[in-house]
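# Structural description and commentary
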Amino acid sequence: MDKKLQDQVAIITGSSSGIGAGCAKEMAKAGATVVINYPVTGAKEMAEAVVADIVANGGSAISYKCDVSKEDEVIQMFKDVVAQYGTVDILVNNAGLQRDAKFVDMTLEQWNFVLSVNLTGQFLCAREAIREFLRRGINSKSKAAGKIICMSSVHEVIPWAGHANYAASKGGVMLMMKTIAQEYAPKKIRINSIAPGAIQTPINKDAWDTSEHLQNLLKLIPERRIGQVEDIGKTAVWLASDDADYVNGTTIFVDGGMTLYPGFEDNG
Ligand code: NAD
């Protein structure tokens with residue numbers, strides 16, 4: 001039997017590390033050809049290591065440098081991938097970063113930088129993906145004309161003091177995702193989000209790098225374990241596959257229960 005994403009082409013932004021790399025490896029195992037996107041020359045080696053790992057395991061992948069906050073670079077990435085593979089079937093809008101500060105101390109540069117990658121980057125990539133999906137329509141590889149997975153966060157619903165720019169970006173992703181899902185569902189394009197809780201990656205190293213930090217973090221997670229990139233990768237494969245054909249415009253929380261108000265656990 002064919003694998004769930006057999007011969008589908010997936011662009012996964014920010015996939016030289018963390019959750020993006022995890023999604024890329026799981027999607028490649030499911031038969032997809034994956035584009036490992038990275039933003040700057042300095043990340044090329046890490047991207048190539050993800051490609052090498054995928055190829056060593058019998059999968060297919062290339063690396064591609066593109067800053068998702070730059071319109072011309074995003075347009076060029078989609079053009080180049082379509083030229084090489086004929087089309088794009090899946091976009092994982094994963095690239096993201098933090099520049100934390102108390103709100104009164106937050107600079108406009110910190111605000112704009114986070115919004116430009118986390119929200120504008122997702123807008124630019126989703127727009128190019130949908131343009132390609134509309135051009136191509138449904139093909140024999142999937143019931144949908146195209147699939148987009150936006151990497152959101154539990155902070156699309158949980159306020160986060162000291163991270164107003166990041167929380168605003170993820171809240172923005174939520175309504176952008178729902179709006180474009182509503183706009184393009186009639187064209188059989190499926191657009192959803194994954195909202196990870198605490199996943200062990202470089203972005204939140206300070207939260208798990210000592211046992212004291214980790215114990216504090218685990219208090220926020222009813223399952224009492226930190227998430228791993230495979231938890232997100234496996235969800236992404238399902239969401240991109242025809243098994244999720246009737247799932248559109250929703251956020252799947254993959255958070256060990258972080259959104260269950262764990263502060264109320266001991267309230268008798
Ligand atoms: P990470 O730092 O390992 O990954 C972020 C990736 O984005 C990096 O590979 C980085 O190179 C890339 N990136 C940054 N700016 C870019 C740009 N302009 N263009 C292209 N790529 C760019 O951290 P991660 O935890 O894997 O984060 C991935 C996504 O998951 C982010 O959107 C993050 O907000 C989200 N997320 C993570 C967690 C968590 O606990 N780790 C929780 C919720 C949401």
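All values reported here derive from a predicted model rather than from experimental measurement.

### Some remarks on the site of the ligand
- As a structural note, the neighbourhood of the ligand is formed by 28 residues, with Ser17, Ile19, Asn94, Tyr166 and Thr201 the closest of them.
- In this structure, serine 17 approaches the ligand through a side-chain N or O atom, which is 2.8 Å from an oxygen atom.
- Within the backbone of asparagine 94, one N or O atom sits 2.8 Å away from an oxygen atom of the ligand.
- Taking 820 Å² as the accessible area of the ligand by itself, protein coverage stands at 90%.
- Every element with two or more residues in the shell around the ligand is listed here: α1 (18-29) and α5 (164-184).
- For the shell around the ligand, the class distribution of residues is 14 nonpolar, twelve polar and two charged.

### With respect to the sheet that holds strand β7 (residues 251-254)
- Strand order in the open sheet formed by seven strands is β3-β2-β1-β4-β5-β6-β7, with parallel pairing between adjacent strands. Sheet topology places β3 (60-65) and β7 at the edges, where each strand pairs with a single neighbour. If you compare each strand with its neighbour and ignore which way they point, the axes differ by 20 degrees on average.
- Two strands pair when backbone bridges link them, and strand β6 (residues 189-196) and β7 are joined in this way by four bridges, in the parallel orientation. Across the sheet, the residue bridging to alanine 195 is phenylalanine 253, located in β7.
- Its contacts with the sheet put helix α2 (residues 44-56) on β2 (33-38) and β3, and the angle it makes with β3 is roughly 170 degrees.
- Against the sheet, helix α7 (residues 229-240) contacts β4 (90-93), β5 (146-151), β6 and β7, and its axis sits at roughly 165 degrees relative to β6.

### A word on the layout of surface pockets
- Taken as a whole, the second largest pocket encloses approximately 160 Å³ of empty space.
- In terms of lining residues, the second largest pocket is bounded by Lys3, Gln6, Lys25, Ala28, Lys29, Gly31, Asp53, Ile54, Asn57, Gly58, Gly59 and Ser60.
- Where the lining of the second largest pocket is concerned, the elements lending two or more residues are α1 and α2.
- No other element matches α1, which puts three residues into the lining of the second largest pocket.

### Some details on the side chain of threonine 201
- The topology assignment puts threonine 201 in the loop between β6 and α6 (211-218).
- Look past the residues within four positions of threonine 201 in its chain and what remains in contact with it is Gly18, Ile19, Trp208 and Val229.

### Topic: the nonpolar core
- Counting 35 residues, the largest nonpolar core has Met27, Val34 and Ile36 as the members making the most contacts within it.
- Those elements that place two or more of their residues in this core are β1 (9-12), α1, β2, α2, β4, β5 and α7.
- The residues touching isoleucine 36, leaving out its near neighbours within four places in the chain, are Ile12, Ser15, Ser16, Ala24, Ala47, Val50, Val51, Ile54, Ala61, Ile62, Ser63 and Tyr64.
- Core analysis: the next-biggest nonpolar cluster, separate from the first, contains 33 residues, Val35, Val81, Leu91 and Met177 among them.

### Describing the packing of α1 against α2
- Two elements in contact, α1 and α2, have axes whose closest approach is 10 Å; the angle formed by their N-to-C orientations is 20 degrees. As judged from the angle between their axes, α1 and α2 are roughly parallel. Relative to α2, α1 is oriented so that their crossing is right-handed. Two secondary-structure elements touch here, α1 through Ala21, Ala24, Lys25 and Ala28 and α2 through Val50, Asp53 and Ile54.
- Here the residues of the contact of α1 with α2 are counted per class, giving five nonpolar, no polar and two charged.

### Topic: a nonpolar patch on the surface
- Judged by side-chain polarity, Phe103, Leu108 and Trp111 come together as a nonpolar surface patch covering roughly 360 Å² of accessible area.
- Take leucine 108: it is sitting in helix α4 (residues 108-136).
- Overall, leucine 108 belongs to the exposed group, its relative accessible area being 63%.

### Some details on α5
- Here α5 spans 30 Å end to end across 21 residues, near enough to the 30 Å set by a 1.5 Å rise per residue.
- The complete set of buried residues in α5 reads Asn165, Tyr166, Ala167, Ser169, Lys170, Val173, Met176, Met177, Ile180, Ala181 and Tyr184.
- Looking at the buried positions of α5, the neighbouring elements they touch are α4, β5, β6 and β7.

Calculation rules
- Residues numbered from 1 in each chain as written.
- Predicted model: local features only at pLDDT ≥ 70, side-chain atom pairs only at ≥ 80, totals over all residues.
- Heavy atoms only, no water.
- Near = heavy atom within 4 Å.
- Polar contact = N/O pair within 3.5 Å; in protein donor to acceptor, adjacent residues only side chain to side chain.
- Areas by Shrake-Rupley, 256 points an atom, 1.4 Å probe, with all protein chains shown as cover.
- Helix = DSSP H or I, 4+ residues; strand = E, 2+ residues; numbered from the N terminus.
- Nonpolar A, V, L, I, M, F, W, Y, C, P; charged D, E, K, R; others polar.
- Pairing = 2+ DSSP bridges.
- Axes fitted to C-alpha atoms, helices over the stretch in contact; angles between N-to-C directions.
- Contact = heavy atoms within 4.5 Å.
- 1 Å grid on protein atoms, 1.4 Å probe; cavity = no way out; pocket = protein on both sides within 12 Å on 5 of 7 lines; lining within 4 Å.
- Points joined across faces, edges and corners; volume = space filled by probe spheres on them.
- Core = buried A, V, L, I, M, F, W, Y, C linked by side-chain atoms within 4.5 Å.
- Buried < 20%, exposed > 50% of the residue type's maximum accessible area, 1.4 Å probe, protein only.
- Parallel < 35°, antiparallel > 145°, perpendicular 65-115°, else oblique.
- Left-handed = near helix turned anticlockwise from the far one by under 90°.
- Patch = residues over 30% accessible without salt bridge, like charges linked within 9 Å, V, L, I, M, F, W, Y side chains within 5 Å.
- Salt bridge = Lys/Arg side-chain N within 4 Å of Asp/Glu carboxyl O.
- Expected span 1.5 Å × (residues − 1).

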